Amino acid sequence: MSDIQKANVQASVELALASDDDIPEVVRLMNLAYRGSDGDSGEGWSTREKYLTGDRTTEKFLRDDLSASPHASLLIWRLEGQPGIAGSVWLEPQGDGNWYLGSLAVDSGRQNSGLGKKLLSLAEDWIRERGGRRINITVINVRETLIGWYWRRGYRDMGEREPFPYGDNRFGIPLRTDLCFVRLQKNID
Ligand SMILES: CC(C)(COP(=O)(O)OP(=O)(O)OC[C@H]1O[C@@H](n2cnc3c(N)ncnc32)[C@H](O)[C@@H]1OP(=O)(O)O)[C@@H](O)C(=O)NCCC(=O)NCCS
């Protein structure tokens, strides 16, 4: 990591709740992060597996999800002195100390410089401060590099699988017939 990149990670500000005005930028960030390019190689390190196409979300879907989940928080992360949102994450209590962490995304042009690790750690702190003790994440089964990345951050495969919603193209259009969600869990107490 370069000195500038290291400085970027250090000069982060705290997570903040996304306002309605932030939604278009969050949607753009998520769509580019999940499907798009890092500006150099044409794809991000975590999205090389071609398993879905189409947008990850839309402003309408994200607003609908927020209305339907009154206890969830869509958080954004800015870096001091840098324009735009650097990352975003969805956090939602599930009861009994469990929290769901989803939609973790780092701006495609700023990936692979340590920001994802920092954002994940800030999200864990945010959950811990609210009494959370376990974090649940679901990752599509074919994303082995991403599952490895979470494993190095302490997330473990609990052996649970959830079906992929074939026929509902809200998350994108599947390019394979063998997709499912792997549930990863980490204890944070
Ligand atoms: C997943 C994501 C949030 C990580 O953020 P990031 O800023 O890119 O991640 P970091 O810079 O902190 O870490 C980069 C990691 O990629 C690894 N990496 C880089 N290039 C790689 C490659 N070609 N193959 C495998 N791993 C690679 C690095 O080794 C590093 O992992 P390590 O620190 O454990 O060694 C970000 O890439 C992203 O937004 N991806 C698209 C959205 C997504 O899939 N989100 C997760 C949904 S569950």
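How each quantity is defined
Residues numbered from 1 in each chain as written. Predicted model: local features only at pLDDT ≥ 70, side-chain atom pairs only at ≥ 80, totals over all residues. Heavy atoms only, no water. Near = heavy atom within 4 Å. Polar contact = N/O pair within 3.5 Å; in protein donor to acceptor, adjacent residues only side chain to side chain. Areas by Shrake-Rupley, 256 points an atom, 1.4 Å probe, with all protein chains shown as cover. Helix = DSSP H or I, 4+ residues; strand = E, 2+ residues; numbered from the N terminus. Nonpolar A, V, L, I, M, F, W, Y, C, P; charged D, E, K, R; others polar. Axes fitted to C-alpha atoms, helices over the stretch in contact; angles between N-to-C directions. Parallel < 35°, antiparallel > 145°, perpendicular 65-115°, else oblique. Left-handed = near helix turned anticlockwise from the far one by under 90°. Contact = heavy atoms within 4.5 Å. Phe/Tyr/Trp six-rings, centres within 6.5 Å; stacked < 30°, edge-to-face > 60°. Lys NZ or Arg CZ within 6 Å of the ring centre and 35° of its normal. Salt bridge = Lys/Arg side-chain N within 4 Å of Asp/Glu carboxyl O. Buried < 20%, exposed > 50% of the residue type's maximum accessible area, 1.4 Å probe, protein only.

> Honestly, the site of the ligand in this entry has me stumped. Any pointers?
The environment of the ligand is made up of 22 residues, and the closest members are Trp45, Leu104, Lys117, Arg143 and Arg152. Contact distances for the ligand include 3.1 Å between an oxygen atom and a side-chain N or O atom of Trp149. When the free accessible area of the ligand is taken as 960 Å², the share hidden by the protein chains comes to 80%. Those elements that place two or more of their residues in the shell around the ligand are helix 2 (23–35), strand 5 (98–106), helix 4 (115–129) and helix 5 (144–152). Top contributing element to the shell around the ligand by residue count: helix 5, with five residues. Taken together, the residues of the shell around the ligand sort by class into ten nonpolar, seven polar and five charged.

> For this particular structure, what's the right way to read the packing of helix 2 against helix 3 (residues 59–68)?
A pair of packed helices is captured by two measures, namely the crossing angle of their axes and the spacing between those axes. It is the contact of helix 2 with helix 3, at a shortest axis distance of 9 Å, that shows an interaxial angle of 110°. Taken together, the axes of helix 2 and helix 3 are roughly perpendicular relative to one another. Crossing handedness for the pair helix 2 and helix 3: right-handed. In this structure, helix 2 contributes Ile23, Pro24, Val26 and Val27 to the contact, and helix 3 contributes Glu59, Leu62, Arg63 and Leu66.

> Any chance you could explain the packing of aromatic side chains here in plain terms?
Here a ring pair, both rings aromatic, is described through the centre-centre distance and the interplanar angle of the planes. A complete count under the given rule lists six aromatic pairs for this structure. Through a chain of ring-to-ring contacts, the aromatic side chains of Trp45, Trp149, Tyr150 and Tyr155 assemble into a single cluster. The lysine or arginine in question, Arg56, covers the ring of Tyr34, its NZ or CZ lying 4.8 Å from the ring centre. When the ring centre of Trp126 is taken as reference, the NZ or CZ atom of Arg130 above it lies at 3.6 Å.

> Honestly, the environment of Leu175 in this entry has me stumped. Any pointers?
As for its placement among the helices and strands, Leu175 is situated in the loop between strand 8 (173–174) and strand 9 (180–187). Considering only alpha carbons, one finds Leu175 and Leu52, 123 residues apart in sequence, at a separation of 5.3 Å. Residues in contact with Leu175, not counting those within four places in the same chain, are Lys50, Tyr51, Leu52 and Thr53.

> I keep staring at the pattern of salt bridges and nothing clicks. Help me out?
When the charged atoms of two side chains with opposite charge come close together, those side chains can pair. Counted by the stated rule, this structure contains 14 salt bridges. With a shortest N-O distance of 3.0 Å, Asp125 and Arg128 are connected by a salt bridge. Taken together, the residues span about one helical turn, with Asp125 and Arg128 both in helix 4 at a distance of three residues. Judged by relative accessible area, Asp125 falls into the partly exposed class, the value being 30%. Judged by relative accessible area, Arg128 falls into the partly exposed class, the value being 38%. Between Arg176 and Asp178 there is a salt bridge, and its shortest N-O distance comes to 2.8 Å. The partly exposed category is assigned to Arg176, whose relative accessible area is 34%. Classification of Asp178 as partly exposed rests on a relative accessible area of 40%. Residues participating in the shared-partner salt-bridge network are Asp20, Glu59 and Arg63.

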